Each structure stands twice: as C-alpha cells, then as structure tokens.
Amino acid sequence: MKTKYIYIRVFWALAILLLFSSCDFLDESDPNSVSTKDYLKTETDVLKSINGIYLAIRSNDCLGESSTLYTEERSDNTGRNDSQSSSGEPFQFSDFSLLPGNSYLKKHWVALYKGISRANFVLEYIDNAQFDNADNKKIYVAEAKYLRALLHFHLVRKWGDVILGTTYLESYSEISGNTFREKKETVYAQIVQDLKDALDSNLPNIQSESGKGRTCKAAINGLLGQVYLTMYTTLPENKSENLTNAKKYLTDCYAMRQFGQLSEIPYADVFDVKKKSINPEIIFQIVYKQGDKDYSSSVAANNQAQGETINSQKVTKGGGTFVKPDLVYEYEETDLRKAFSVKYGDNANAKSWFITKFRDTSDAAGTLGYGGNDWILMRYADIILMLAETEMYLGNDTEAIKYLDQVRLRAGMPGYVEMQNNADYKAKYPTLKLAILHERRVELAFENQRWYDLLRFFSRTELVAYFNTKKQDNYGISSLANFGTKDYYYPIPFDEWKLDPEKMWQNEGYE
C-alpha cells in the first residue's frame, strides 16, 4: 500500500516527463529519452514545453470542455438524471454526496497539478536555453506564469488551502518536503505575483487569429481582476486594497477590447464555430480542430438529447446534458439567450431540458460529431459583469448599472432601472447584487462560471440559505437536502490525505 501512495503523490510532480507537444500544441511528441534538465537547449525546445502546458489544461480532467462536471454540475445549472452505473461517481458532485475517494475528484486534482508541474519545469530550466530574441524568452515566462496562476486559482477556490507548487520537484524527498497544504492567503499572493510578472512581457493585448489559444495581456488583466474580486469577497484582510485593484485590472482588460459596446456582437456569434477565431468578445479559449478525430470538440454532440439535431449531425442517445429547471425558470420571458442556450427534449427517452448553446451541425463535423467549438475560458461579457459587481461594491450603483445594462441590451432586455417597475423581477432580485448574479447566470450559463460566482457572492452560511430557497422539483434527482456548509469546498482526495493526514488535513465535514 505504501508504494501505491508514493506513486500518487509523485505523479503530479513528475508528470512533466510524460508528455510534451510539438510546435503545434495540439500535436503530441514524446521526449522521454532526454534528461529533463538537459531538454531545454533551444527556443524551439522551450516552445514545445510551453505547448505542453496548454495541452495539459485542455484535458477534460483539467479545464477542457468536459470539466463542467467540477463546476456546472456542482452548481444549480446542470446535473444528471441517472445516479447509477457509470454516472454513480459523477452524480456525487451535483448530489452533494461527494466522497474523498471519488476517482473523478482525484483525476481533477492530479490534472491541475500536472499543468502546474509543467509550468514549473519551464520556469526552472528556461535559462539553459539559447534565445536569439530576449523578448521571446519573456513571453514564454509570462505564459508559464499565467497558466500556473490560472491552475492555482482553480485549486484554491475548490479546496481552500492547497499545495502551492512553485518549484519543479524531481526526487521523492523534494516532493515529500514540499507537499503540504499552504494557507489560501499565501496561495492567492503567489497567484497575484505570477500574474503581475506575466504582464511584464511583450505579449499582445489580444491575440491575432493565428495566436488564438494562447494567453494575452487582456486575459492576464482579466484574471488578475477576478482574483482580486474573489479575494475581496472571501478573505478578511485588505478589503479596500483588493477592491481597488479589482477595478484597476478589470478596467485595464476592458480598455483592451477591440469593439465599442457589447451590443455590436450578436450573442450567437460568440459561439459560432465559423467566427471563433475572429470574434472580438473572446479573450482566451482552448482551441479544438473541427473534423479532427483526436483534437475535435465533442461538446455539441455530448449535450444533445436523443431525437434532436439542433447541436450536431451525430445521432445521440439519452437526454444529453441535463439542465436543471431551476436555471430554465431563471430566464426572463423575452430573453433571447434562453432559446439559444436550452431546449426541451421531447423524445420518449429524453423528456428534459438540454444544452443547445454549443452547436456544430456542419458537414465538416459530420455524423461522428467531430465539432469545431472552442472552449471559452474568458470573454468580455464576463469582464463587464465583474466590473458591474466591483462598482456595486464600491457604492457606485450608477456605473454598475451601466455595465449591467450593456449585457441586458445585447440580450434584447430592458434596462435595470426600467425593470424596477416589473413586480416579478423586483421580487426575485430585490437588490442590485442579486440582479448582477442573475445576469451572470443566464449570460454565462454552462461556461464554468456559476459555481465560482456562488462562492464569491455568498459566505458558507449564506450559500446554504440560498440553496434552501430552491425547490427540489426544479432540481432533478440530486438531493438539495444534502447541501451544507461542508460543500463550500471539495474534500482533499483520499490518497493525498492518507499519506500524511497532518500536512494534508481533511476539509471540514469530510473527516
């Protein structure tokens, strides 16, 4: 048994040895025959290693299109109507019955740390490589630090205190000595430092069409703003400073946009596979190759219910991705986003709501469902609504409403002030804060934002009270009664806790 636990612990730290990519980071190559410390000799070697980090985050166990299991299904947006067979362990996420031994939980933990390990490898050995252009070296360092910060941000929000990985570890003694839960305040400080370092580069403000899939300064500013906003609402210290910084970096991101008002960009265009590389709203995305067996997207086909053709030419079975009626009833009556995002499946085997937001019915994707949808990690509607949130916290309601109304106008909806005359709207969203949360939910549904929004908008006890207001009939077969303060964080995976219960103590409620 001891050997087994050691293997699990060293896996994430040594994962860099498993896989790098070639210059196209969607094509894999294996440099295992090369010693790690001798691998980075040329700029091309560094590029391959950077591409290896991007390849790591596109895994469905990490941040790829099927990582919605860890966020959307944890929230009140989606879930599963089958709690048995292969859905048993995934069902635990939306049922709030998650066990520390859940294999999907462990795979997510390992995948996130695999990406961090690859970033640490680049940062550890990049000085060994020869560069003709020193600016390129700074760009690669910036990319590695941005991705490391992004992965740590996902970890700290899901688990709280986590292992802070800033060094490439090669021996078991190094791994053992550096494997302990660091306080979340320290993790956030490292995330901030990595992102500030990443801004000190010649990365473009927005990537060109050929550079899509790689980070840019707008993405770094946007993430830094989101980090500060999260720190403001979840950490007790430096509240004023964190809120001021949230506004600064979100505003800097917004200033880098290549359009005027959001209404210039039709909502459906954001998810159009023909426009994914040229749409000015998208800031950072994971790129998928239409028609490619290995690197295509399956999100359109996987979401589609039996008997439907709206998403994909592929013939599908079952109900597709189950959308909880709780979300469906959140859409206002005339909201154009509802008809684009969800549909009721009326097949005898699939009578439920399913996702239609991601579509590729092209002949290139074909009947095998090899779609071209990119997975959007950041877009400007998200930034605009975070600016609304920030201004609201600052007491600048007029400015907050202007940002909120940008998103509502694009959706064909009346502005916030006008909606104060709508009794139903005012009853559901009696405060500007709840109105912003509502807008984020319907605008960003199925984009891995909802669970993090709930954690940011509510304390533990407030979140329990929020879920207690929901109706079980609108939630599917997942049990709302299971939700409690423990569910604010995930349990530490059993294998990590078992190896060292003192340094890797278990989260409250999972002991």
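Further up the page is the structure itself.
Because the structure is a prediction, the values reported are computed rather than measured.

> What should I look at first to understand the overall build of the protein in this one?
Broken down by element type, the protein carries 21 helices and 10 strands. Each of the three principal axes of the protein carries a C-alpha extent, and together these read 65 × 55 × 50 Å. Counted over contacts in the protein with a minimum sequence separation of 6, partners at least 24 positions apart contribute 71%. Summing over all exposed atoms, the protein offers an accessible surface of approximately 19800 Å²; the carbon and sulfur share of this is 49%. In the protein, the 61 positive side-chain charges and the 69 negative ones have mean positions that sit 2 Å from each other.

> Is there a simple way to think about the pattern of salt bridges in this case?
All chains considered together, the criterion is met by 41 salt bridges. Here Glu308 ties to Lys343 by a salt bridge, and the two come within 3.0 Å at their closest N and O atoms. Here Lys343 lies in strand 8 (residues 342-347) and Glu308 lies in the loop between helix 11 (299-303) and strand 7 (322-323), a separation of 35 residues in the sequence. The salt bridge partner of Glu443 is Arg379, with a shortest N-O separation of 2.8 Å. Of this pair, Glu443 sits in helix 18 (residues 432-443) while Arg379 sits in strand 10 (residues 375-379); the two residues are 64 residues apart in sequence, bridging distant segments of the chain. With respect to burial, Glu443 and Arg379 carry one shared label: buried.

> Any chance you could explain the environment of Lys107 here in plain terms?
If you trace the backbone, Lys107 turns up in helix 5 (residues 103-125). Look at Lys107 and you get partly exposed, because its relative accessible area is 34%. Expressed as a C-alpha distance, the spacing of Lys107 and Asn60, which sit 47 residues apart in the sequence, is 9.7 Å.

> Looking at this structure, I do not really get the packing of helix 10 (residues 239-255) against helix 14 (residues 380-393). What am I missing?
Helix-helix packing: each pair is described by the crossing angle between the helix axes and the interaxial distance. Following both chains from N to C, one finds helix 10 and helix 14 inclined at 150 degrees, their axes separated by 10 Å at the closest point. As the angle between them shows, helix 10 and helix 14 are arranged roughly antiparallel. Taken as a pair, helix 10 and helix 14 cross one another with a handedness that is left-handed. Along its contact with helix 10, which presents Leu243, Ala246, Lys247, Leu250, Thr251, Cys253 and Tyr254, the element helix 14 presents Tyr380, Ile383, Ile384, Met386, Leu387, Thr390, Glu391 and Tyr393.

> I keep staring at the side chain of Glu439 and nothing clicks. Help me out?
Within the secondary structure, Glu439 sits in helix 18. Looking at Glu439, the relative accessible area reads 0%, which means it is buried. A polar atom in the side chain of Glu439 sits 2.6 Å from the side chain of Arg337. Other than its neighbours up to four places away in sequence, Glu439 contacts Glu332, Arg337, Leu385, Leu404, Val407 and Arg408.

> Can you help me understand the packing of aromatic side chains in this one?
The description of an aromatic ring pair rests on the distance of the ring centres and on the angle between the ring planes. Taken as a whole, this structure holds 31 aromatic pairs when the rule is applied. The interplanar angle of 70 degrees and the centroid separation of 6.0 Å between the aromatic rings of Tyr125 and Tyr168 together place this pair among those described as edge-to-face. With Tyr125 in helix 5 and Tyr168 in the loop between strand 4 (162-163) and helix 7 (172-178), the pair connects residues that are 43 residues apart, well separated along the chain. As far as burial versus exposure is concerned, Tyr125 and Tyr168 are alike and both buried. Between Phe467 and Tyr475 the ring centres are 6.4 Å apart and the planes differ by 80 degrees, which places this aromatic pair in the edge-to-face class. Members of the aromatic cluster, joined through ring pairs, are Tyr70, Phe93, Trp109, Tyr113, Trp159 and Tyr490. Between Lys107 and the ring centre of Tyr104, over which it is positioned, the NZ or CZ distance is 4.3 Å. Across from the ring centre of Phe259, 6.0 Å away, lies the NZ or CZ of Arg257, which sits over that ring.

> Hey, could you run me through the side chain of Lys145 in this one?
Here Lys145 lies in helix 6 (residues 134-159). Engagement of the side chain of Lys145 in a polar contact is seen with the side chain of Asp197, the distance being 2.8 Å.

> Just checking my understanding: could you explain the environment of Pro90 for this structure?
Counting through the fold element by element, Pro90 comes out in helix 4 (residues 88-95). A sequence separation of 13 residues divides Pro90 from Ser103, and the C-alpha atoms of the two residues are 9.1 Å apart. Residues in contact with Pro90, not counting those within four places in the same chain, are Leu69, Glu73, Arg80 and Tyr104.

> What exactly am I supposed to notice about helix 18 here?
In an α-helix, one full turn covers 3.6 residues, which means residues spaced three or four apart are oriented alike. Between its first and last C-alpha, helix 18 extends 16 Å over 12 residues, near the 16 Å set by a 1.5 Å rise per residue. Within helix 18, 10 of the 12 residues are buried, which leaves the element mostly enclosed by the surrounding structure. All of the buried residues along helix 18 are Leu432, Ala435, Ile436, Leu437, His438, Glu439, Arg440, Arg441, Val442 and Glu443.

> Honestly, the packing of helix 8 (residues 184-199) against helix 9 (residues 217-234) in this entry has me stumped. Any pointers?
Between helix 8 and helix 9, whose axes approach to 10 Å, the crossing angle comes to 155 degrees. Considering their axes alone, helix 8 and helix 9 lie roughly antiparallel with respect to each other. As for how helix 8 packs across helix 9, the hand of that crossing is left-handed. Contacts between helix 8 and helix 9 involve Tyr188, Ile191, Val192, Leu195, Lys196, Ala198 and Leu199 on the former and, on the latter, Lys217, Ile220, Asn221, Leu223, Leu224, Val227, Tyr228, Thr230, Met231 and Thr234. Class assignment for the residues of the contact of helix 8 with helix 9 results in 12 nonpolar, three polar and two charged.

> Help me understand the environment of Phe121 in this model?
The residue Phe121 is located in helix 5 in this model. Sequence separation of Phe121 and Thr167 is 46 residues, and the distance between their C-alpha atoms is 7.8 Å.

Cut-offs applied
Once a new chain begins, its residue numbering starts again from 1 and follows that chain's sequence as written. At least 70 in pLDDT is required for a residue's local features to be given in this predicted model, at least 80 for side-chain atom pairs to be given and counted, and no such filter applies to totals for whole chains, interfaces and linings, which use all residues. Water and hydrogen atoms play no part in the side-chain values, which are based on all heavy atoms of the structure. To qualify as a helix, a DSSP run of H or I must reach at least 4 residues; to qualify as a strand, a run of E must reach at least 2; elements of each kind are numbered from the N terminus. For this analysis, residues touch if any pair of their heavy atoms sits within 4.5 Å. For every accessible area listed, the method is Shrake-Rupley and the probe measures 1.4 Å; residues are considered covered only by the protein chains on display. When charges are counted, Lys and Arg are positive and Asp and Glu negative, with His and the chain ends excluded. For this purpose, a charge sits on NZ of Lys, CZ of Arg, CG of Asp or CD of Glu. In the sections that follow, a salt bridge refers to a side-chain nitrogen of Lys or Arg positioned within 4 Å of a carboxyl oxygen of Asp or Glu. Think of it in three bands: with a 1.4 Å probe and only protein chains considered, a residue is buried below 20% of the maximum accessible area for its type, exposed above 50%, and partly exposed in between. Axis angles are defined between N-to-C directions and span 0 to 180 degrees, where every axis is a line fitted to C-alpha atoms and, for a helix, only to the segment in contact. The cut-offs work like this: below 35 degrees is roughly parallel, past 145 is roughly antiparallel, 65 to 115 is roughly perpendicular, and the gaps in between are oblique. Should the near helix be turned anticlockwise from the far one by less than a right angle, the crossing is left-handed, and should it be turned clockwise, the crossing is right-handed. The term polar contact refers here to a pair of N or O atoms within 3.5 Å; inside protein, the definition further demands a hydrogen-donor-capable atom paired with an acceptor-capable atom, and it admits residues adjacent in sequence only when both atoms are side-chain atoms. Aromatic rings from Phe, Tyr and Trp, taking only the six-membered ring of Trp, are treated as a pair when their centres fall within 6.5 Å; an angle between ring planes under 30 degrees marks them as stacked, one over 60 as edge-to-face, and anything in between as tilted. In this scheme, the term charge over a ring applies when either NZ of a lysine or CZ of an arginine sits within 6 Å of the ring centre and within 35 degrees of the ring normal. Under the convention used throughout, the expected extent of a helix is 1.5 Å for every residue step, that is, one less than its residue count. Following the grouping adopted for this structure description, the nonpolar residues are Ala, Val, Leu, Ile, Met, Phe, Trp, Tyr, Cys and Pro, the charged ones are Asp, Glu, Lys and Arg, and the polar ones are all others, Gly among them.

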